[in-house]
Amino acid sequence: MAVGNGSPRVSPEPLPLPLPTSSGTMSGRSSHRVAPEPPAPALPPIALRTPEPPASPLPPIAPRTLAAQHLGTSESQSPIAVNSERYRDEHIEGGPTAPVDFVLKFVFADVKDLELTRQRTEMINAIKFSGLTAVRRVSSRKDRDGNPAAWYIFVSCSEEMMVLEATRIQLRKKMRAELKDAESGVSGYENFDEAHRDLFEPFSETEYFTSLERQRCIYSKLEAPLVEQGAALDLDGAKASGLVSDFSFISVDAEEAPLHTSWIHNYFAAAPVHAVRAYLGEKPSFYFAFFDHYITALMPLSIFSIGTFSYQMAQSVQAGFWVTDNLMVPIYAIVICVWSTIMLETWKRKQSTLAFQWGTQFFEEHEPSRPEYLTHPLTEARVGEFKDSIFVPHFPDVQGLLGGKAGGEGAEEGETEHVFPEGVQLRRVLASLAFTLTLIAAVAIGALFTMVYKIVLRNTYGQYGNYLGSAINVFFISLIDLVWAKLALILNDWEMYRTDSQWFNALVYKTFLFRFLNKNITPFYIAFVQGLELELFGYGVRDSCPNEDCLRALSDYLLVAVVISEVSRNLITLIPIFLDWLKAQMLLRKRAQAAAEAAKQGGELDTEAVAVAVAPPSAADLLLEAVEAELLRTEYPGTFNEMLELSIQLGYVTMFAVGFPIAPFFVLLANMVERKTDALKTLHMRRPRYRGATGIGSWQSVLEFLVAFSVVTNMLILFFSSKWLRDFLAATLPARYVLLVVVIVEHLLFLLKLGISVYLPDTPAWVFRAQARQALTMKGTSESAIHEKTLELRARIQQMRSTSIAMPDERDKLLA
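Residues numbered from 1 in each chain as written. Predicted model: local features only at pLDDT ≥ 70, side-chain atom pairs only at ≥ 80, totals over all residues. Heavy atoms only, no water.

Q: Teacher, can you tell me more about the overall build of the protein here?
A: In terms of helices and strands, the protein carries 24 helices and 11 strands. Across the 816 residues that make up the protein, the buried fraction comes to 50%. Within the protein, contacts between residues separated by at least 24 positions form 76% of all contacts whose residues are at least 6 apart in sequence. (Helix = DSSP H or I, 4+ residues; strand = E, 2+ residues; numbered from the N terminus. Buried < 20%, exposed > 50% of the residue type's maximum accessible area, 1.4 Å probe, protein only. Contact = heavy atoms within 4.5 Å.)

Encoded structure:
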């Protein structure tokens, strides 16, 4: 979303400029950081006054705006104008202003709360110290006491500061089209360098950096330590403590609107992953790329599953009752094992291709530390570097160890990294693992109790009791999942991981382990234990499969589990959209009531009601309205839960294929709906913070585990639960060879999966060739630049020699 830039500028509000000193840290920063000496004395504190509006409002341009979408206004009523540029705060005097990229929201604080006022003042000063522009704006809305309901800090970054920060963080930027690979046509990405600025592709004629690149650099400046000219802010911690009410990066309608057209409005089209990546970053884009790949792979499998299900129906019509166990079941099990391997191996190739096209193959090698890690009291600054997540100190006695530097010079002048004690972290991880396993055992016992109750219901209500018991079991599992989702985040934060990737990978393994066991305890019990007719808990309660058909019992449970899971997933996806709409409607109603009451009393109309319904808005109102509309959006939670649900879904489809053959077709329909609800949710919520990735991360290992484990589960289910297969093999082989045949088939399937993975390498050959050519191109470009600098230096030396006797002053200037 953007407003025009043609309005006159009015005087800004002065911001204090005292720099943080070594006596205090910012937002809980650790005490070992020492800020540089302040270059100027402190100015007076912030004045809480509203700036004067500009002389003329900005002209409306676009037909539909973000504020109109969120506040429910019509196109003609919308007070926000949209064009191809970002928001600009146009009533700031003092020359051209930078676009407003980021906003901090503060609720009104009592002037007597000196500590909160001091902390907020230090935060604003730190932002100014980092080189970012910070302008304060006060909301026109009032609280019950007549004070401003909120005030905002609009943060922007100049082009010069963007260049310096992009160079410092080694921002991966796209190369110019002239340098694209001849074979693949891909313009590669390289670390941005100010000295080679001309080699990189500008975003547009007026903007050199994309909005996503601006976001990365601004967040980096806000969170970088003071010694690196950053603001040293922990934004999440400041929000949790109440220091900051909210913060967000401003959305850009010029980039968001095309996604609505190509992604949401085109129902059967896959996600435009390259456009999604350019606007949202790699992590959500890899999820949507995998989701589309998974849906495409489900289509041929669904055809086979429909055929298997149709054969079951035909057999059931002939028998007069439902027949789950038949000839097609073992064939379908073999097909599903081969299909899952091909699906995953082709995804690996697509993933590596996207990583190359987006220049993220080596993202994790240069990933910065998390602010929570840097600000922890136990974290200390040490001379050294991280190699493959292991800290390598720069000491003479570790010469050559893990590629670390050696020698006294390295120890004295090496880079400083902030390190959390490894022993403390190891103890925390082990304690967290012990707690997780204990909780899993407790949940398993609880699941057994629900199974006992299911037996009681089945004995009382027959087959309907079986469905009711399955529904109660699914509800119990879902409730435990909600509790564990909160506990997993607490444990993960407590374990203190350095980078976002490490934190994310630990959360994936922790959450999936719990969810996998919690979701699959019941189907495993039905498939492998229920048919044994064991006595449960010693109370004389014996469980057995209804009509001695365990495959039918497994099919009944999976039918309930999959239906409830898929329907709830799509409904939960739409909840944030409904809540945002409800908040907007309540705000509109509140404004209308305030305007009606003011009009009835003959008083002055509420400024917000006037802005919406009566008077043309000023530039200040336009900008505030846009920012408040942005903050009405729900925060984007990321794609973690979506990938978790997809992995559980893939487990149902592959591991228990013989029990519920129609599952792929039903899942395909549900996923095609969710593909659009996910897109709607993603674009409706706030623009998420950039999260880089080289792929789907640890989910790749999870999927590989499910695909491999599905071979074992399907073969064992056939042996334990398929009466048809046992009778067929017993008629041709001695009974003692039945298990041997199942094991042989299992091993043959593993060999087939291995052959497929070898035949389909993870990275296409053309990607390897393109990477090699790209490295040679950059090497040649760098050598050319070095050669030009050498020639320039030689010319200067020759000039100094010619003037060394006659003009000593000029010689000294040249030497300087």
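Resuming the write-up.
Q: Sorry if this is basic, but what is going on with unusual backbone geometry here?
A: Trans peptide bonds make up the majority, and among non-glycine residues the majority have a negative phi. Backbone geometry at glutamine 170 places phi at a positive 55°, although glycine is not the residue there. Following the sequence through the fold, glutamine 170 ends up in the loop between α3 (159-168) and β4 (172-174). Residue classification places glutamine 170 among the partly exposed residues on the basis of a relative accessible area of 39%. In this model, alanine 232 sits at a positive phi of 55°, which is unusual for a non-glycine residue. The topology assignment puts alanine 232 in the loop between α4 (211-223) and α5 (235-241).

Q: Looking at this structure, how should I read helix α8 (residues 282-319)?
A: Helical periodicity: at 3.6 residues per turn, an α-helix aligns residues three or four positions apart in one direction. Here α8 contains 38 residues, and its C-alpha end-to-end distance of 54 Å stays within 8% of the 56 Å for a straight helix at 1.5 Å per residue. If you look at α8, its biggest bend is around 35°, right at proline 300. (Expected span 1.5 Å × (residues − 1). Bend = angle between axes of the 7 residues up to and from the residue.)

Q: It is not clear to me how helix α22 (residues 738-759) should be interpreted in this structure. Could you clarify?
A: Between the first and last C-alpha of α22 there are 32 Å, a value that for 22 residues agrees with the 32 Å anticipated at 1.5 Å per step. Burial in α22 covers these residues: Val738, Val742, Glu746, Leu749, Lys753 and Ile756. Along the axis of α22, the buried positions cluster into a sector of 80°, meaning they face one direction only. Turned more than 90 degrees away from the buried face of α22, the exposed residues are Leu748, Leu751, Val758 and Tyr759. (Arc of directions from axis to C-beta.)

Q: Any chance you could explain the sheet that holds strand β2 (residues 133-138) here in plain terms?
A: One key point about sheets: their strands pair by backbone hydrogen bonds, in either a parallel or an antiparallel sense. One open sheet holds the 4 strands; their spatial order is β2-β3-β1-β6, and the pairing between them is antiparallel. This sheet does not close on itself; its edge strands, each paired only once, are β2 and β6 (246-249). Between one strand axis and the next, the sheet turns through 20° on average, direction left out of account. Relative to strand β3 (residues 150-156), strand β1 (residues 102-107) runs antiparallel, the two being bridged by 6 bridges. (Pairing = 2+ DSSP bridges. Axes fitted to C-alpha atoms, helices over the stretch in contact; angles between N-to-C directions.)

Q: Please clarify how a nonpolar patch on the surface should be interpreted in this entry.
A: There is a patch of nonpolar side chains on the surface, built from Leu733, Tyr737, Leu740, Ile744, Leu748, Leu751, Leu754 and Val758 and spanning about 760 Å² of accessible area. Its place among the elements puts leucine 733 in the loop between α21 (723-732) and α22. A relative accessible area of 32% places leucine 733 in the partly exposed class. (Patch = residues over 30% accessible without salt bridge, like charges linked within 9 Å, V, L, I, M, F, W, Y side chains within 5 Å. Areas by Shrake-Rupley, 256 points an atom, 1.4 Å probe, with all protein chains shown as cover. Salt bridge = Lys/Arg side-chain N within 4 Å of Asp/Glu carboxyl O.)

Q: Even after reading the chapter, I still don't get the sheet that holds strand β8 (residues 390-393), so can you show me in this structure?
A: One open sheet holds the 3 strands; their spatial order is β8-β7-β9, and the pairing between them is antiparallel. Of all the strands in the sheet, the pair left with one neighbour each is β8 and β9 (416-419). Each adjacent strand pair in this sheet contributes to an overall mean axis angle of 75°, direction not counted. Two strands pair when backbone bridges link them, and strand β7 (residues 380-387) and β9 are joined in this way by 4 bridges, in the antiparallel orientation. For valine 383, the partnering residue across the bridge sits in β9 and is threonine 416.

Q: I'm lost on the packing of helix α7 (residues 273-280) against helix α9 (residues 328-358) in this one. Help?
A: The relative placement of two packed helices is expressed as an angle between their axes plus a distance between the axes. The interhelical angle for the contact between α7 and α9, taken along N-to-C directions, is 50°, at an axis separation of 12 Å. Classed by the angle they form, the pair α7 and α9 counts as oblique. As for the relative orientation of α7 and α9, their crossing is right-handed in sense. For the pair α7 and α9, contact is made by Val273, His274 and Arg277 and by Leu354, Gln357 and Trp358, respectively. (Parallel < 35°, antiparallel > 145°, perpendicular 65-115°, else oblique. Left-handed = near helix turned anticlockwise from the far one by under 90°.)

Q: Explanation requested: the environment of tyrosine 332 in the structure shown.
A: For tyrosine 332, the location among the structural elements is in helix α9. Judged by relative accessible area, tyrosine 332 falls into the buried class, the value being 0%. Setting aside chain neighbours within four positions, we find tyrosine 332 in contact with Leu301, Phe304, Ser305, Thr308, Ala657, Pro661 and Pro664. At a separation of 3.1 Å, a polar atom in the side chain of tyrosine 332 contacts the main-chain carbonyl oxygen of proline 661. (Polar contact = N/O pair within 3.5 Å; in protein donor to acceptor, adjacent residues only side chain to side chain.)

Q: In this structure, what is going on with the environment of alanine 447? I would like to understand it.
A: When you line up the elements, alanine 447 lands in helix α12 (residues 422-461). It is 7.4 Å that separates the C-alpha atoms of alanine 447 and threonine 522, two residues lying 75 residues apart in sequence. In contact with alanine 447, other than residues within four places in its own chain, are Asn473, Phe476 and Ile521.

Q: Looking at this model, I keep getting lost on the side chain of glutamine 351. Mind explaining?
A: In this structure, glutamine 351 sits in helix α9. Among the polar contacts listed, one links the side chain of glutamine 351 to the side chain of glutamine 700, at a separation of 3.4 Å. Here glutamine 351 is in contact with Phe286, Thr694, Gly695, Ile696 and Gln700, once residues within four sequence places are set aside.

Q: Teacher, can you tell me more about the nonpolar core here?
A: Proteins that are soluble and globular tend to have nonpolar side chains buried together. Membership of the largest hydrophobic core comes to 102 residues, with the highest contact counts inside it found for Phe290, Tyr294, Trp339 and Trp699. If you tally residues by element for this core, the top one is helix α14 (residues 500-528), at 13 residues. Residues contacting tryptophan 699, with those up to four places away along its chain left out, are Phe504, Val508, Phe640, Met643, Leu644 and Ser647. Core analysis: the next-biggest nonpolar cluster, separate from the first, contains 38 residues, Phe106, Ile127, Phe200 and Cys217 among them. (Core = buried A, V, L, I, M, F, W, Y, C linked by side-chain atoms within 4.5 Å.)

Q: Help me out: how do you make sense of the packing of aromatic side chains in this one?
A: Two aromatic rings, taken as a pair, are described by how far apart their centres are and by the angle between their planes. For the structure shown, the criterion picks out 30 aromatic pairs. Centre to centre, the rings of phenylalanine 356 and tryptophan 766 are 6.1 Å apart; their planes meet at 80°, and the pair counts as edge-to-face. Residue phenylalanine 356 is located in helix α9, and its partner tryptophan 766 is located in helix α23 (residues 765-803); the two are separated by 410 residues in the primary sequence. The exposure class assigned to phenylalanine 356 is buried, which follows from its relative accessible area of 2%. Under the relative-accessibility criterion, tryptophan 766 is labelled partly exposed at 26%. An aromatic cluster of at least three residues, connected via ring pairs, comprises Phe512, Phe516, Phe524, Phe528, Phe656, Phe705 and Phe709. Against the face of tryptophan 151 rests arginine 136, its NZ or CZ located 5.8 Å from the ring centre. (Phe/Tyr/Trp six-rings, centres within 6.5 Å; stacked < 30°, edge-to-face > 60°. Lys NZ or Arg CZ within 6 Å of the ring centre and 35° of its normal.)

Q: How should the pattern of salt bridges be read in this particular structure?
A: It is possible for side chains bearing opposite charge to pair when their charged atoms get close. Summed over all chains, the structure comprises 29 salt bridges. Of the charged contacts in the structure, one is a salt bridge between arginine 691 and aspartate 500, with a shortest N-O distance of 2.7 Å. Here arginine 691 is found in the loop between α19 (663-684) and α20 (699-721), whereas its partner aspartate 500 is found in helix α14, with 191 residues between them in sequence. On the accessibility criterion, arginine 691 (31% relative accessible area) is partly exposed. Here the salt bridges share partners, and the residues they tie into one network are Arg370, Glu372, Asp493, Asp500 and Arg691.

Q: Honestly, the packing of α9 against helix α18 (residues 640-655) in this entry has me stumped. Any pointers?
A: Put simply, α9 and α18 touch, their axes get as near as 9 Å, and they point 145° apart. For the pair formed by α9 and α18, the contact residues are Ile336, Trp339, Ser340 and Met343 on the first element and Leu650, Val653 and Thr654 on the second. Partitioning the contact of α9 with α18 into residue classes produces 5 nonpolar, 2 polar and no charged. (Nonpolar A, V, L, I, M, F, W, Y, C, P; charged D, E, K, R; others polar.)

Q: So what exactly am I meant to see when it comes to the pairing of β7 here?
A: Taken residue by residue, a regular strand's side chains alternate between the two faces of the sheet. Two elements, β7 and β8, share 4 bridges in a ladder whose sense is antiparallel. Across the sheet, residue glutamate 385 finds its bridge partner in β8, namely valine 392.

Q: Just to check I follow, could you spell out the confidence of the model for the protein for this structure?
A: Low pLDDT means the predicted coordinates in that region are not meant to be read closely. When pLDDT is averaged along the protein, the result is 75, and 75% of the positions lie at 70 or above. Note that pLDDT drops below 50 for residues 397-413; the model gives that stretch 26 contacts with residues more than four away or on any other chain. Every residue in residues 603-614 is under pLDDT 50, and counting partners more than four places away or in other chains gives 22 contacts. (pLDDT = per-residue confidence, 0-100.)

Q: Can you help me understand the side chain of arginine 277 in this one?
A: With respect to the element layout, arginine 277 can be found in helix α7. Polar side-chain contacts of arginine 277 include one of 3.4 Å to the backbone oxygen of tryptophan 358. Filtering out sequence-adjacent residues up to four positions away, arginine 277 remains in contact with Tyr189, Leu212, Glu282, Ser285 and Trp358.

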